[in-house]
Structure formats: C-alpha cells, structure tokens
Amino acid sequence: MRLTAGARVKHDVSLEALLGQVALGNRAAFEALYHDTSRKLFGICLRLLAERSEAEDALQETFTTVWRKAVQFDAARASPIAWLAMIARNKAIDRLRARPARSRMAPIEAIEELEDPRASPHQQAQALADRSRLDACIQQLEAQRRSLICAAFFEGSTYEELAVRIGSPLGSVKSWIRRGLLQLRSCLQEP
Amino acid sequence: MSDLTSKPGGDEDAIEPPDDDLLAGEYVLGVLDEGQRRAVQVRIEAEPVFARRVAGWEERLGSLTAHVEPIDVPEHLWLRVRERLGWPAAAHAGGGLWRSVGFWRATTAVALAAAIAAIVISVPRMLAPPSPLVAESPAAEPVTTLSHDDGTPAWLASVDVRRGTVLLVPVPAPADARGRVPELWLIPRGGSPRALGLLSSDRSYAVAVPADLRIALTAGAVLAVSLEPPGGAPGPAPTGPIIAKGMIQL
C-alpha cells in the first residue's frame, strides 16, 4: 500500500498535501486547491449539465462539500483528483435528476451523437486507450455496451433516457449495461 | 451473478434486480433515477459495507474523468464559494504565504513527496529499520522539542533539512476551548515568523517548508505554535498567543 502511495505521489503530491491542510481547516490551502482543480471539476459539471449556470451551482456545491469532507479523504484508497471528481459528478448528477422530467426526456439525436467520432464518448475513450487499466478494459467491451457505459458516465443519462435515445427496450439497455459493468469489474480484477 | 454475464442471448427484458455490488456500480456510473439515487445515498450513509462497495466502483471508474477537458471558471464563483462557507468577504487582505497560489509550486516535488511519505508512516516505523519509502532517509534525526512556557513538551519536531520537511508529533492535549487551531511558524534567526501551516493536536503531521525558507531551517532558528482562528492566521503574522516553541537542534 505504501508503494502504491509512493507511485501516486509523483502526480498528485501537491493536491494530497493541500487536501491534508484543508482537512485541518486551512483556508488558504483551500483557495490553492480551488485554483488548481476548479477548471477540471467545472469541465465535469458542464459536461453533465450542459448549462453554465447550473454547472456553476454544482461547482459551488462541490467545493463546499470538499471543505466539509476533506477530513474523510483517504490517500490509500483514491487519488485526490479522482476523489474530487466523484464529488463533482455526484453534485452534477443530483442536479440533473432534479430537472423537470420533460427537459430530461427531450429528444436527443442519440444514435448520431453516439456514433459521431468527435462527440462520441466511446471514441473519446478510444483515443486515449492504454492510458489506464480501465481504458484497456473498456476497449474489450462490445461496442454497444461500451457506448452505453460511456454515454451514461459522461452525460449522466438514466436507463430510461438511454433506452429512448437509442430506441431499444429498457430491459435490453439495463442488461447491456449491467453485463458491461460486471465485465469491467472482472477485467479490472485480473492480475 | 456470474450467470448474468454468461446467460446466452437473454439480453431482453427479464433481468433480475441487481445485487448490492451491481447497484453500487449503477450508482457510480450514473444511470439511476432520482428516487433510486436517493435510496442509494441513504444506504451509503447508513451501511459501511455498502459504502465500501460504492467506493470500490468509484475507484474502478474514476479514471474515466481523465477524459474530460478542463474549462475556465468565471471569477465570481470563488467569491460565491466563500460566501456559502460563511467566510468574511475581505479575507483577501491577508496576503500571507498561503495566499500565494505559487506556494506549492515553489516547493519542490521531492520535498512534498517526503512530506506525504512522512504522513503515511507511523512514528515508531520512523525509528525502526527503514521501509522502502524512507530508505533514503538518514537512520536517525535529532528531535526538537516544542515546549509550553512551563517546560512541558507539546510537540516533538523532526526536521529533515535535505527534504525541507518538518514532522510534528503532538503530545495529545485537549482541543482549545475557544475553538482556535494550532498553526506552526518558523522564526529564522533575527527574522520574523513565517507560516508553515496548520497542525493537529492529536495526530502527527508533516509540513513542507517552502523552497525560499529552507535556508532558514538551521540550528538556532525557532519553531513556534500559535493559536489562531479557524482557517489560520488571516495575515502573514501570528495573531494569537504562542503556546509552544523550541529551538531547532541539528
């Protein structure tokens, strides 16, 4: 475990030190953390929410949560940026779900969007293949499962929304995604 | 569960409710609707085992966020965050060391790596034969005692000049009744105090000394701890009482 931490240190060491100070209530360290990570986290919120004002609200909630929960950050379990990113995702997805049903179900050019090489999440993942173990495992998924999992992750679509977007039965969409998740889990478990 | 992956051709419709681990994965992936998300969030708070499953999926899927491009944030948003936290609007006046965003850039990666290494090791381990992460560390380092006015020890400090870190080990003491927090200062010989960061009263903590201050990390310089308002001293100098101090021994 310490070796893992050592390997991680190369990339995120200053964020880890900043989070440590934030956990102790150091406001200036919090400001530095905001300076270093807010653009990335804003990118995550905006990608999910699409609307700037909502993404700003989500980012504000993200950082107030980071201030309160920094003490829970465990460097042995997650890299600082992954931990921060998950908080941002959760804030953004919660907002996404709170939108009126009609706006969430607004028609999306699902197939086109998913297959557009520039916009497609799975193409995006492909472009960066081999950057991580996860990327390699995602490449091994069937195209359909891969597209759905990437669309769900990057755009925050529910099962129901995905079913509408690709015009497939809800049960199929659930089945594809669940199998994809199980496949990823076992792929990531391999030594 | 394994039958889910292997079931031939059964893609349509009939699919059993997911087990807990799969549910956690669905939550992290973001496919659950509002009601399902709330139910899962309640379970995360109430069930440690389930919370660990969620953390496991966050670890599995987290690296996907590397694919998201950073986007410039409107400047007013930082002020909104401060406001939301109930911080005074004028705190920018401080201008202390920590205010400088370049602070962490100025400290070398090596020193910071050492600081992190020091956080993850326990004090007994430091005194034991070196582990891989501390292999380059000298076998033993002198300890500086930071004492109260009456001479009783409050913190033990181990200064690593080469790496520019100071490991502070507190003698456990009750937290300040008025809610103030301990902040560490380095007072160079003939100089004025410079902030090194906040400390914990009950856990050992390593602080990284900024590159430009490392030259002052010599025998005869003083390490001091003051009590400051939550968040740390608002300006470049201590505002509260000095509760412990000691001269660096090397």
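Each remark here, short or long, concerns the structure printed above.
All chains use their own residue numbering, which begins from 1 and follows the written sequence. All chains are assigned letters beginning at A, and all ligands numbers beginning at 1, according to the order in which they are written. Side-chain atom pairs in this predicted model are given and counted only at pLDDT of 80 or more, local residue features only at pLDDT of at least 70, and totals for whole chains, interfaces and linings cover all residues.

## Notes on the overall build of chain B
Logical step 1: Numbered from the N terminus, helices here are DSSP runs of H or I no shorter than four residues, and strands are runs of E no shorter than two. Along its length, chain B carries 8 helices and 8 strands.
Logical step 2: For the exposure call, what matters is how many other C-beta atoms sit within 10 Å of a residue's own: 20 or more marks it buried, 12 or fewer exposed, and in between partly exposed, using C-beta atoms placed from the backbone. Burial analysis of chain B (250 residues in total) assigns 33% to the buried set.
Logical step 3: Contacts in chain B between residues at least 24 apart in sequence constitute 63% of all its contacts with a sequence separation of at least 6. Note that contacts rest on C-beta atoms placed from the backbone: two residues are in contact if these are within 7 Å.

## So, the overall build of chain A
Logical step 1: Within chain A one finds 11 helices and 0 strands.
Logical step 2: Element order for chain A, N to C, with α for helix and β for strand: α-α-α-α-α-α-α-α-α-α-α.
Logical step 3: Scored against the burial criterion, the 191 residues of chain A give a buried share of 49%.
Logical step 4: Sequence-distant contacts, at least 24 apart, represent 64% of the contacts inside chain A between residues at least 6 apart.

## Thoughts on helix H9 (residues 143-155) of chain A
Residues and elements named next belong to chain A.
Logical step 1: Working rule for helices: expected span equals 1.5 Å times residues minus one. Given a rise of 1.5 Å per residue, 13 residues ought to cover 18 Å, and the 17 Å separating the end C-alpha atoms of H9 matches this to within 8%.
Logical step 2: Taken across its 13 residues, H9 has 11 buried, putting it largely inside the fold.
Logical step 3: Listed in full, the buried residues belonging to H9 are Arg145, Arg146, Ser147, Leu148, Ile149, Cys150, Ala151, Ala152, Phe153, Phe154 and Glu155.
Logical step 4: Positive backbone phi, at 70 degrees, marks Gly156, one or two positions downstream of H9.

## Brief notes about the packing of helix H11 (residues 170-189) of chain A against helix H2 (residues 20-29) of chain B
Logical step 1: Close contact between H11 of chain A and H2 of chain B brings their axes to 10 Å; oriented N to C, the two are set at 105 degrees. In terms of orientation, H11 of chain A and H2 of chain B fall into the roughly perpendicular class. Here H11 of chain A contributes Arg178, Leu181 and Leu182 of chain A to the contact with H2 of chain B, which in turn contributes Leu22, Gly25 and Leu29 of chain B.
Logical step 2: Its residues placed into classes, the contact of H11 of chain A with H2 of chain B shows 4 nonpolar, 1 polar and 1 charged. The angle between two axes is taken between their N-to-C directions and runs from 0 to 180 degrees, where each axis is a line fitted to C-alpha atoms and a helix contributes only its stretch in contact. Here is the rule for angles: anything less than 35 degrees is roughly parallel, anything more than 145 is roughly antiparallel, 65 through 115 is roughly perpendicular, and the remaining ranges are oblique. Any residue outside Ala, Val, Leu, Ile, Met, Phe, Trp, Tyr, Cys, Pro, Asp, Glu, Lys and Arg is labelled polar, Gly included; the first ten of those are nonpolar and the last four are charged.

## Details of the nonpolar core
Note that soluble globular proteins tend to have their nonpolar side chains buried in a common cluster.
Logical step 1: Core analysis: the biggest nonpolar cluster contains 66 residues, and Leu33, Cys45 and Ala92 of chain A together with Val166, Leu168 and Val207 of chain B have the highest contact counts within it.
Logical step 2: Among the elements that make up this core, the one with the highest residue count is helix H2 (residues 27-49) of chain A (13 residues).
Logical step 3: Ignoring any residue separated from it by four or fewer positions in sequence, one finds Cys45 of chain A in contact with Ala55, Ala58, Leu59, Ala88 and Ala92 of chain A.
Logical step 4: Counting 28 residues, the second largest nonpolar core, distinct from the first, contains Leu148, Val173, Trp176 and Leu184 of chain A. Buried Ala, Val, Leu, Ile, Met, Phe, Trp, Tyr and Cys residues whose C-beta atoms connect them within 7 Å together make up a nonpolar core.

## Topic: the packing of H2 of chain A against helix H4 (residues 80-98) of chain A
When two helices pack together, their arrangement is given by the angle between their axes and by how far apart the axes lie.
Residues and elements named next belong to chain A.
Logical step 1: Between H2 and H4, the shortest axis-to-axis distance is 9 Å and the interhelical angle comes to 30 degrees. The handedness of the crossing between H2 and H4 comes out as right-handed. Between H2, through Thr37, Lys40, Leu41, Ile44, Cys45, Leu48 and Leu49, and H4, the contact on the second element is made entirely by Ile81, Leu84, Ala85, Ala88, Arg89, Ala92, Ile93, Arg95 and Leu96.
Logical step 2: Residues of the contact of H2 with H4, tallied by class, amount to 12 nonpolar, 1 polar and 3 charged. Left-handed describes a crossing whose near helix is turned anticlockwise from the far helix through less than a right angle; right-handed describes the clockwise counterpart.

## A short note on helix H10 (residues 159-166) of chain A
All names here are of chain A.
Logical step 1: Listed in full, the buried residues belonging to H10 are Tyr159, Glu161, Leu162 and Arg165. Seen along its axis, H10 keeps its buried residues to an arc of 160 degrees; they face one direction.
Logical step 2: At the C-terminal side of H10, Gly167 shows a positive phi close to 65 degrees. Starting at the helix axis, one direction is taken to each C-beta atom, and the arc is that of these directions.

## Examining the environment of Leu188 of chain A
Logical step 1: Mapped onto the secondary structure, Leu188 of chain A falls in helix H11.
Logical step 2: Residues Leu188 of chain A and Ile138 of chain A, 50 residues apart in the sequence, show an inter-C-alpha distance of 9.8 Å.
Logical step 3: Dropping the residues within four chain positions of it, Leu188 of chain A is found in contact with Arg133, Leu134 and Cys137 of chain A together with Arg60 of chain B.

## Regarding the environment of Gly30 of chain B
Logical step 1: Within the secondary structure, Gly30 of chain B sits in the loop between H2 and helix H3 (34-46).
Logical step 2: Apart from the residues lying within four places of it in its own chain, the contact partners of Gly30 of chain B are Arg89, Ile93, Ala152, Phe153 and Gly156 of chain A.

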